[in-house]
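One-letter residues, chain by chain:
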Amino acid sequence: MDKIRIIGGSPLNGIIRIGGAKNASLPLMAACLLTDEPVTFKNIPDLADITSMAILLEHLGVQIGQGIDSPENGGLQLPSMTLTASHVKTTIAPYDLVRRMRASVLVLGPLLARMGQAVVSMPGGCAIGTRPIDLHLKAMEALGAEITLEEGYVHARAPHGLKGASHTFPLVTVTGTENLLMCACLADGETTLRNAAREPEVIDLANCLVSMGAQISGIGTDTLVIQGVSRLHGATHTVVADRIETGTYAIGALMTGGQVDLIGTDPSLLPTFVPLLEEMGAIITPTAHGFHVDGRNKPQHGVDIMTEPFPGFPTDLQAQIMTLMSVAQGASMITETIFENRFMHVPELQRLGASINVHGASAMIRGKPQLIGAPVMATDLRASVSLVLAGMAAQGETIVSRVYHLDRGYEHVEDKLAACGINIERIRGRDHDTEDHCAA
Ligand code: EPZ
């Protein structure tokens, strides 16, 4: 397995192009199952999870072509992917594919909507929590699906098609909202989804579905109203920027006292995070293609945060902001309200000298002037990048192992950081230990 070696102490200075959002790309790719016509996505990121989804979709019979989109206006060249589900050869998503990435559950909704049936392996839990999908299934039953669980597989049937209905999610679920959006597009009649997720990735999926002929109103709110249609057609869609990658590199600038121009993104994707980073000392200036972060003040003082569904503070930036807090002046408090086990980066940060105390769902962080480099181990996607950030600010050498977690959600991370002055390199591993699967 590969490792990443960082020698800390250099400021993050330069330009970083932010890729398309992993958590938008995954549902968008699944949405191709809703039509027999080609769907082309621009700005698809080059990530392990995207490859996993492509493998699963090809297993189902989707034809996939990749390319580079060279816009006439001489703009940024964007990686593109065209998916065509003209012939779905199976409606079974097997365990050995689903276990690699739990977001594979996103094929359940479109398969059920288009084919009237689906057999999808239960994704299983993962490092950050049990990650059930009961809310997805209950909502599908509200639209008339017959759901049974047999030998670790979800068997979903709607032999006479799905029927529009009104459904309120008991709690906000991002992929649950996305699965049901895709179901409702082809259901007979009107569906109302209340307490729906409002994440930018959900908005991006809804906008793409509309471009495919779906009739959706309330996009961006917690109440989505979908008028079912008989079929959807092909479309071309540009994937929204990855707000978590954006926030991660913005934190890197403040942690190391540097300045970065983040391009291909938008501060409005992080309505709670950006003001909080400014409160900690960053100077944020919107630009034509994203925003500039001046982190030369370094983090002035701690802050208290609670992770919440959008537009609240994103749980996917919790590990990263904790790392920043560990070198801020003063104390901070984090309360993780989304997942039950998302503090696994804490013992690794403590190995680097961070002062953190966890009490149930809350962590108290007492900032220290300096972290000290050490060997650490990544445990999940967002924890892994928080260790890289810590290594950038630490004194001396930090070696991060199990970086396959990192490759799931951060495109060419060492290249982007090295190009901005960070002393970082990937050490290629010889063996391929059994990788534990989760993320997404
Ligand atoms: C999505 O996961 C993201 N993944 C996660 O990103 C993100 O952390 C999460 O939303 C929260 O924002 C993708 O979009 C592919 P949820 P998802 O359903 O949809 C409980 C990353 O690092 N719940 O919104 O699986 C659940 O246990 C990943 O990129 C149920 O109880 O999250 C959690 O406590 C990690 N039953 C809460 O709801 C259900 O049926 C929110 O989960 C569904 C969810």
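Scroll up to find the structure this text is about.
No experiment lies behind these values; they were computed from the predicted model shown. For every chain, the first residue of the written sequence is number 1, and numbering continues from 1 along that sequence. Reporting of local features is limited, given that this is a predicted model, to residues whose pLDDT is at least 70; pairs of side-chain atoms are given and counted only at 80 or more, and all residues count toward the totals for whole chains, interfaces and linings. Only hydrogens and water are set aside; all other atoms, that is, all heavy atoms of the structure, feed into the side-chain values.

Secondary structure assignment for the protein yields 14 helices and 24 strands. Our radius of gyration looks at C-alpha atoms and nothing else; its globule reference is 2.2 Å times the residue count to the power 0.38. Against the compact-globule benchmark of 22 Å for 440 residues, the protein has a radius of gyration of 21 Å, which places it among compact chains. When its C-alpha atoms are laid out on the principal axes, the protein stretches across 65 × 50 × 45 Å. Within the protein, counting contacts between residues at least 6 apart in sequence, those at least 24 apart form 75% of the total. If you sum the accessible surface of the protein, you get close to 16,400 Å²; carbon and sulfur atoms cover 51% of it. The charge count treats Lys and Arg as positive and Asp and Glu as negative. His and the chain ends do not count. We put the charge of a Lys on NZ, of an Arg on CZ, of an Asp on CG and of a Glu on CD. In the protein, 31 positive and 45 negative side-chain charges are present, and the distance between their average locations comes to 3 Å. By definition, any uninterrupted DSSP run of H or I lasting at least four residues is a helix, any uninterrupted run of E lasting at least two residues is a strand, and each is numbered from the N terminus. Residues are treated as being in contact if the distance between any of their heavy atoms lies within 4.5 Å. Here the open area of atoms and residues is found with the Shrake-Rupley method and a 1.4 Å probe, where only the protein chains shown may cover a residue.

Attention now goes to the site of the ligand. In the vicinity of the ligand there are 23 residues, among which Leu135, Thr173, Thr175, Asp316 and Ile338 approach most closely. Throughout this description, a polar contact denotes any pair of N or O atoms lying within 3.5 Å of each other; where both atoms belong to protein, one of them has to be capable of donating a hydrogen while the other can accept it, and for residues adjacent in sequence the pair is counted only when both atoms sit in side chains. Between the ligand and aspartate 134, the relevant distance is 2.7 Å, taken from a nitrogen atom to a side-chain nitrogen or oxygen of the residue. In the model, an oxygen atom of the ligand is placed 2.8 Å from a nitrogen or oxygen of the valine 174 main chain. Taken by itself the ligand offers 830 Å² of open surface, and the protein chains cover 90% of this. When at least one non-hydrogen atom of a residue lies within 4 Å of a molecule or strand, that residue is treated as near it.

By convention in these notes, a salt bridge is any Lys or Arg side-chain nitrogen within 4 Å of a carboxyl oxygen on Asp or Glu. Under the criterion given, the structure shown has 17 salt bridges. Taking the shortest distance from any N to any O, the salt bridge between arginine 426 and aspartate 2 comes out at 3.1 Å. Here arginine 426 is found in strand β24 (residues 423-427), whereas its partner aspartate 2 is found in the segment before β1 (3-7), with 424 residues between them in sequence. Its relative accessible area of 17% is what places aspartate 2 among the buried residues. Note that lysine 416 is salt-bridged to glutamate 245, the shortest N-O span being 2.6 Å. Taken together, the positions of lysine 416 in helix α14 (residues 413-418) and glutamate 245 in helix α8 (residues 243-256) put the pair 171 residues apart, joining distant regions of the chain. By relative accessible area, glutamate 245 is classed as buried at 3%. Using a 1.4 Å probe on the protein chains alone, a residue whose accessible area is under 20% of its type maximum counts as buried, one over 50% counts as exposed, and one in between counts as partly exposed.

Nonpolar cores are built from buried Ala, Val, Leu, Ile, Met, Phe, Trp, Tyr and Cys residues. Side-chain atoms within 4.5 Å join them into one set. Core analysis: the largest hydrophobic core is formed by 145 residues, its most contacted members being Leu33, Leu57, Val107, Leu209, Phe273, Leu277 and Ile321. When residues in this core are grouped by element, the largest group, eight residues, is from helix α12 (residues 381-393). Setting aside anything within four residues of it in sequence, one finds leucine 33 in contact with Leu57, Leu60, Val62, Ala85, Val88, Val107, Pro110, Leu111 and Arg114.

A few words on the sheet that holds strand β8 (residues 146-150). Backbone hydrogen bonds hold the strands of a sheet together, and the pairing may be parallel or antiparallel. Across the sheet, which stays open at both edges, the four strands sit in the order β6-β7-β9-β8 with mixed pairing between neighbours. The two strands at the open ends of the sheet, each matched to only one other strand, are β6 (92-93) and β8. For two strands to be treated as a pair, DSSP must find at least two bridges joining them. As defined by bridge partners, strand β7 (residues 117-121) adjoins strand β9 (residues 153-157) across five bridges and the pair is classed as antiparallel. Paired with glutamine 117 across the strands is arginine 157, a residue of β9. Helix α4 (residues 108-115) contacts β7 and β9 of the sheet and is inclined by roughly 160 degrees relative to β7. Helix axes are fitted only over the stretch in contact, all axes being lines through C-alpha atoms; the angle between N-to-C directions runs from 0 to 180 degrees.

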